[in-house]
Amino acid sequence: MSISFNHKTLRPRLLTALICLMASFNVSIASELQVHQSQTSTFTKGVNLSDWFLANRAEEIKKDQYTLSDFINIKSLGIDVVRLPIRLTAMTDESANYVLNPLFFQKLDYALDIAEQTGMNIIIDNHAFPLNNQDQKLFRIWKQIATYCKDRSELIYYELMNEPGGDYLKNNWPAIQGKLIDSIRTVDKKHKIIVTATVTNGKIDFENLPYYSDTNLIYTFHFYKPFLFTHQGAWWTQIKD
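Computed from a prediction, not measured in an experiment: that's the story for all the values here.

A short note on the packing of helix α1 (residues 68–76) against helix α2 (residues 102–118)
The description of two packed helices rests on the angle between their axes and on the distance between the axes. At a minimum axis distance of 9 Å, the contact between α1 and α2 shows a crossing angle of 45 degrees. Our classification of the angle between α1 and α2 gives oblique. The two elements α1 and α2 meet at a crossing, and its hand is right-handed. Here Leu68, Phe71, Ile72 and Lys75 of α1 lie close against α2, whose contacting residues are Ile114, Ala115, Gln117 and Thr118.

Next up, the structure:
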């Protein structure tokens, strides 16, 4: 579950929707997201398409696992945003410039195209973690994505990292995140960026989340209680339907 909040008050908004778990989908229950300066986002409830782009290499992504008709069906349920978790650090070559595989962009285009055709908001979610001093890899990845997507519609959102954790990120993530925002803004000032705090043993480190000056951000955190309910049917847990 992901809930977003106004950074100035840190008060979560009431949940606006409850979506039953469906086969093939991992449901994310979201509040009415709120961006910096109280500008309200255009989406209210969403679903993770976790089994689509979570691959170890671009060749493993099954491009047509979801189709235009799937997105139409999803939208018919009142869902207005899909989240696309991606192991972005696994989509590059091994050069010093960490060039993203053209095949990855081809498959990403397919997902973005059908989202835009249906008027569905779509979040490009970085579901991989930089290791220690590999920050430059993350900078180069997001700069490439922002450059590639900068002329697309505002239905597309950039989520810099899913649940950053570990000692290195706890000590460095606030600064890294700020630099990522600045780097993206050199090429793309249009698209909203989703930012978050680090997580330590399940605890959200709000005290380490700085106030960023960018006015086109969404602040978010994840919340999973009661776990028995939020993860019912998830294949990676022991909780059954």
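So that's the structure; there's more coming.
Some details on the pairing of strand β8 (residues 156–159)
Side chains Ile156 and Tyr158 of β8 all project onto a buried face; the interleaved residues Tyr157 and Glu159 project onto the opposite face, where all are buried too. Direction of pairing for strand β7 (residues 121–126) relative to β8: parallel, over a ladder of 4 bridges. Looking at the pairing, Ile122 lines up with Ile156 of β8. As paired elements, β8 and strand β9 (residues 193–196) share 2 bridges and run parallel to each other. Residue pairing for β9: Tyr158 is matched across the bridge by Ile193.

Comments concerning the pairing of β9
Two faces make up the sheet, and in a regular strand the side chains alternate between them. Burial of the side chains of β9 extends over both faces: Ile193 and Val195 are buried on one face and Ile194 and Thr196 on the other. Of the strand pairs in this sheet, β9 and strand β12 (residues 217–222) are connected by 4 bridges, and their pairing is parallel. Within β12, the position partnered with Thr196 by the bridge is Thr220.

Here we look at the confidence of the model for the protein chain
Averaged over every residue, the pLDDT of the protein chain is 83; residues scoring 70 or more account for 81%. This stretch, residues 1–40, has a pLDDT under 50; its non-local contacts, to residues over four places away or in other chains, come to 119 contacts.

Quick word on the packing of aromatic side chains
Within this structure, the stated rule accounts for 10 aromatic pairs. Arranged with centres 6.5 Å apart and planes meeting at 80 degrees, the rings of Phe53 and Phe104 form a pair that is edge-to-face. Of the two residues, Phe53 is situated in the loop between β5 (46–48) and α1 and Phe104 in helix α2; the sequence distance between them amounts to 51 residues. By the burial criterion, Phe53 is buried, and Phe104 matches it. Taking 5.6 Å as the distance between ring centres and 55 degrees as the angle between the ring planes, the aromatic pair formed by Trp142 and Tyr158 counts as tilted. With Trp142 in helix α3 (residues 135–149) and Tyr158 in strand β8, this pair connects stretches of sequence that are 16 residues apart. The exposure class assigned to Trp142 is buried, which follows from its relative accessible area of 0%.

Some remarks on the nonpolar core
Within the largest apolar cluster, 54 residues are counted, with the highest numbers of intra-cluster contacts made by Trp52, Phe104, Ile124, Trp142 and Tyr158. Counting residues per element, this core draws most heavily on α2, at 8 residues. Ile123, Tyr157, Ile194 and Ile218 belong to the second largest nonpolar core, which has 6 residues in total.

A look at unusual backbone geometry
In this model, Lys225 is joined to Pro226 through a cis peptide bond whose omega is -5 degrees. If you trace the backbone, Pro226 turns up in the loop between β12 and α5 (227–230). Not every positive phi belongs to a glycine, and Tyr98 is a case in point at roughly 50 degrees. Note on placement: Tyr98 falls in the loop between β6 (81–86) and α2. With a phi close to 45 degrees, Glu163 is a non-glycine residue in the positive phi region. With respect to the helices and strands, the residue Glu163 is situated in the loop between β8 and α4 (167–185).

What about the packing of α2 against α3?
Following both chains from N to C, one finds α2 and α3 inclined at 50 degrees, their axes separated by 12 Å at the closest point. When the axis of α2 is compared with that of α3, the two are oblique. The two elements α2 and α3 meet at a crossing, and its hand is right-handed. Across from Phe105, Asp109 and Leu112 in α2, the residues of α3 making contact are Gln144, Ile145, Tyr148 and Cys149. The residue inventory of the contact of α2 with α3, partitioned by class, reads 5 nonpolar, 1 polar and 1 charged.

Analysis parameters
- Residue positions are given per chain, counted from 1 along the sequence in the order it is written.
- Totals for whole chains, interfaces and linings use all residues, but because this is a predicted model, local features are given only for residues with pLDDT of at least 70 and pairs of side-chain atoms are given and counted only at 80 or more.
- As a rule here, side-chain values cover all heavy atoms of the structure and leave hydrogens and water aside.
- Axes here mean lines fitted to C-alpha atoms, for a helix over just the part in contact, with angles spanning 0 to 180 degrees between N-to-C directions.
- Only runs of H or I of at least four residues qualify as helices and only runs of E of at least two qualify as strands under DSSP, and these elements are numbered from the N terminus.
- Here is the rule for angles: anything less than 35 degrees is roughly parallel, anything more than 145 is roughly antiparallel, 65 through 115 is roughly perpendicular, and the remaining ranges are oblique.
- For a crossing to be left-handed, the near helix must be turned anticlockwise from the far one by less than a right angle; the clockwise case is right-handed.
- Every residue pair with non-hydrogen atoms within 4.5 Å of one another is taken to be in contact.
- Residue burial is assigned from relative accessible area. The probe radius is 1.4 Å, only protein chains are included, and a residue is buried under 20% of its type maximum, exposed over 50%, and partly exposed in between.
- Following DSSP output, two strands are said to pair if at least two bridges run between them.
- A score between 0 and 100, pLDDT records how confident the predictor is in each residue.
- Here the aromatic set is Phe, Tyr and Trp, taking the six-membered ring for Trp, and pairing holds for ring centres within 6.5 Å; pairs whose planes are under 30 degrees apart are stacked, those over 60 apart are edge-to-face, and all others are tilted.
- Each nonpolar core is a collection of buried residues, namely Ala, Val, Leu, Ile, Met, Phe, Trp, Tyr and Cys, held together in the definition by side-chain atoms within 4.5 Å.
- Asp, Glu, Lys and Arg are counted as charged, while Ala, Val, Leu, Ile, Met, Phe, Trp, Tyr, Cys and Pro are counted as nonpolar; the rest, among them Gly, fall into the polar class.

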